[in-house]
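# Breakdown of the fold
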Amino acid sequence: MIADFKKRFYISLLVTLPILIFSPMIQSFLNYELSFPGVMYVLFVLATFIFFYGGKPFLTGSVAELKQKNPGMMTLIALAIVVAYVYSSLTVFGLSGNNFFWELATLIDIMLLGHWIEMRSVMGASNALEELVKMMPSEAHLIDDNSGEVKDVKVSSLQHGNKVLVKPGEKVPVDGSIVKGQSSVNESMLTGESVPVDKEVEDEVIGGSINGEGSITIQVEKTGEESYLSQVVTMVKEAQESRSKTQDLSNRAAKWLFYVALTAGLATLVIWLALGYPLSYALERMVTVMVIACPHALGLAAPLVVARSTALSAKQGLLIRNRANFEEARKVQSIVFDKTGTLTEGEFGITEIVTEDGYDKTELLQVAASLEAQSEHPIARGIVEEAKQQNVSFHEPEQFESMTGKGLKGNVDGKEILIVSPGYIKEQNINFQTEAFNELSEQGKTVVFVLIDNQLAGMIALADKVRESAERAIARLKEMNVQSMMLTGDNEKVAQWVAKQLNLDEVVAEVLPHEKAEKVKEIKGKGLKIAMTGDGVNDAPALANADLGIAIGAGTDVAMETADVILVKSNPEDVVSILELSTSTYKKMIQNLWWAAGYNIVTIPLAAGILYPIGIVLSPAIGAVLMSLSTVIVAINARLFKG
């Protein structure tokens, strides 16, 4: 559509030039004369081309608006160009009066330019549903019940009860339960749970989640529309379809101007006829009023500010996808944040190292990092990253073994090292500092134990790192009297620990995607304007349901495609910037719309002939000067916008 508007604008502009040159009204105004036999018919042909070719988007758009009983910019433009074209054509074929072909052409050109600028500055429509579907693998490893042979089949051909092999690192193809094997499964993009979940026989797995280091065999439980991801697709679709049809500011202004133009035009016709003037004169007054009522400046007032605002926001790392919802962001009273990847970094970091007697923290970190460097587990990455930050050197282990569901085992510098789960420690009846462990667990932290030559050396606590910028963002929102709450699929303990650090107003944990969306609807039901910030598939329905959906740029394509604004830098402080920029953009738009509407306030009564008794009637030529002046002022005012 952007390319289409651009093409129509340039072609229409070329055809407008001869219309301006040969227009009697322009010649009279600029005091020159250029004519030839049949010039009016040439103008009629050129104007007819522009009317049907350049005006097509507005004519078809007005039909759509009128069907919805919601006239806006398209209807206002259509009214002006239809009236101008029909009246001007009649003057060519016998009706006495001046033609408005030049007004028709320039109006279409400027409106095409305005829409092109607007569409170019705002990103395209959402492809959220396509992105969701992409998350599902297209093939699965089906295990034959009789022969045990494994063959690749289309996921769509799987049936309830089929057994499917999922290899390490692969996506789980369907919802099901494990019948063989054990592994850790990363469900963070689906459920918001930041820690990979250990799964064993009889545990359920979700299609679209990522298998860890172990091979598992799952029995298909749900297929097609019953699956978890399909239900998320349905929720997003429903939310997008039911989302408020809020018209943007310029459309609302256009709606009122449409009614004003229609009323003023018809009133002008009736009054002049009632005063005894000929139909041709009364029609000319009516047409002048209706054409002037559709100001060229209005077509550029909002798009130029939007283009400027979009450019300024892009420099700040904010990509605006939905202009109408961005405009309404200034009214937001409550912001709901997802936790993982939004308020937190979505990556594990070490928060505490607790050592046993005879061991120091550096030694513990060194041996742990040496072993964990061989693993791709998120916990491993957190330990290795901490060692790098502290410049702790770690060595290549002589032996390495992954104990599925329990931990890691290996030899480092001739010592046997085990990094294991609390379950392993309890299973082996090894004594540990239970008070310190319980305290860390209560904070929702993940704790691993390090054994050196079968002796407990200590424990390492890890947690999803809270973003420093999140703390500053929440503090600034409080200053603006905007509530901040967290909605997460993660467990209650982790959620409360993060909330305490950030001083959030409210926390709701362990929620599924549909529950997130329901919570957003519940808050909206209280009459509050709500923004939702998230990064995962599980946030998509809530993002679509919120008054303003904000996606973290480092998140999934699904979240970004569902959102109204994308934070490129993944910085929660940019949420505050959105509210501030929305407010300043709105103020600048109001200024521009007043400049554009001011032209109407002055010219419509003059065009209608309100000052006729004292000999003042606005001629179309003077109307053109005022129109050009208001358009220039609007353009300059938009360029002066600094955000």
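A quick note: this is a predicted structure, and the numbers were derived from the prediction, not measured. (Residues numbered from 1 in each chain as written. Predicted model: local features only at pLDDT ≥ 70, side-chain atom pairs only at ≥ 80, totals over all residues. Heavy atoms only, no water.)

### What to know about empty space enclosed by the protein
Scanning the entire structure with this criterion turns up 4 cavities of 30 Å³ or more. Quantified by volume, the second largest cavity comes out at close to 50 Å³. Around the second largest cavity sit 10 residues that line it, and Val 306, Ser 309, Ile 320, Arg 323 and Phe 326 are the ones nearest its centre. Looking at side-chain class alone, the lining of the second largest cavity contains 5 nonpolar, 3 polar and 2 charged residues. (1 Å grid on protein atoms, 1.4 Å probe; cavity = no way out; pocket = protein on both sides within 12 Å on 5 of 7 lines; lining within 4 Å. Points joined across faces, edges and corners; volume = space filled by probe spheres on them. Nonpolar A, V, L, I, M, F, W, Y, C, P; charged D, E, K, R; others polar.)

### Things to note about the pairing of strand β21 (residues 548-552)
Burial analysis of β21 places 5 of its 5 residues in the buried class, the great majority of the element. Side chains of β21 alternate between two faces, with Leu 548, Ile 550 and Ile 552 and Gly 549 and Ala 551 buried alike. Pairing geometry for strand β20 (residues 530-534) and β21, over 4 bridges, is parallel. Bridge pairing in β21 places Ala 531 opposite Leu 548. Where β21 lies against strand β22 (residues 565-567), 3 bridges are found, and the strand directions are parallel. Paired with Ala 551 across the strands is Ile 566, a residue of β22. (Buried < 20%, exposed > 50% of the residue type's maximum accessible area, 1.4 Å probe, protein only. Helix = DSSP H or I, 4+ residues; strand = E, 2+ residues; numbered from the N terminus. Pairing = 2+ DSSP bridges.)

### Regarding the nonpolar core
Phe 101, Leu 104, Ile 335 and Ile 578 are the most contacted members of the largest nonpolar core, which totals 108 residues. Core analysis: the second largest hydrophobic core is formed by 23 residues, Val 367, Ala 368, Leu 371 and Ile 460 among them. (Core = buried A, V, L, I, M, F, W, Y, C linked by side-chain atoms within 4.5 Å.)

### A short note on unusual backbone geometry
Phi is positive for Lys 69, which is not a glycine, with a value near 55 degrees. Relative to the helices and strands, Lys 69 is located in the loop between α4 (56-67) and α5 (73-92). Given the relative accessible area of 74%, Lys 69 is considered exposed.

### Remarks on α5
The terminal C-alpha atoms of α5 lie 29 Å apart, and with 20 residues this matches the ideal 28 Å at 1.5 Å per residue to within 8%. Counted residue by residue, α5 has 17 buried out of 20 residues, so it is predominantly covered. Positioned one or two residues after α5, Gly 94 has a phi angle of 125 degrees, which is positive. (Expected span 1.5 Å × (residues − 1).)

### Re a negative patch on the surface
A contiguous patch of negative charge, built from Asp 198, Glu 200, Glu 202 and Glu 213, is present on the exposed surface. Tracing the backbone through its elements, the reader meets Glu 202 in the loop between β6 (197-199) and β7 (204-205). Here Glu 202 falls in the exposed class, since its relative accessible area comes to 68%. (Patch = residues over 30% accessible without salt bridge, like charges linked within 9 Å, V, L, I, M, F, W, Y side chains within 5 Å. Areas by Shrake-Rupley, 256 points an atom, 1.4 Å probe, with all protein chains shown as cover. Salt bridge = Lys/Arg side-chain N within 4 Å of Asp/Glu carboxyl O. Lys, Arg positive; Asp, Glu negative; His and termini not counted. Charge placed at Lys NZ, Arg CZ, Asp CG, Glu CD.)

### Here's the deal with the sheet that holds strand β16 (residues 446-452)
Taking strand neighbours across the sheet as the criterion, the 6 strands line up as β12-β17-β16-β15-β14-β13 in an open arrangement whose pairing is antiparallel. Strands at the two margins of the open sheet, each flanked by one partner only, are β12 (344-355) and β13 (399-403). If you compare each strand with its neighbour and ignore which way they point, the axes differ by 20 degrees on average. Of the strands in this sheet, β12 and β17 (455-466) touch helix α20 (residues 492-502), which is tilted by about 60 degrees from β17. (Axes fitted to C-alpha atoms, helices over the stretch in contact; angles between N-to-C directions. Contact = heavy atoms within 4.5 Å.)

### Digging into the UniProt feature "transmembrane region" (unreviewed entry) in the protein
Here the UniProt feature "transmembrane region" (unreviewed entry) sits at residues 9-30, 36-55, 76-94, 100-117, 256-275, 287-307, 593-615 and 621-641. Its end C-alpha atoms 28 Å apart, residues 76-94 is made of 89% helix and 0% strand. With 94% helix and 0% strand, the stretch residues 100-117 has end C-alpha atoms that lie 26 Å from each other. (UniProt positions renumbered as here; feature names shortened; annotations may be inferred.)

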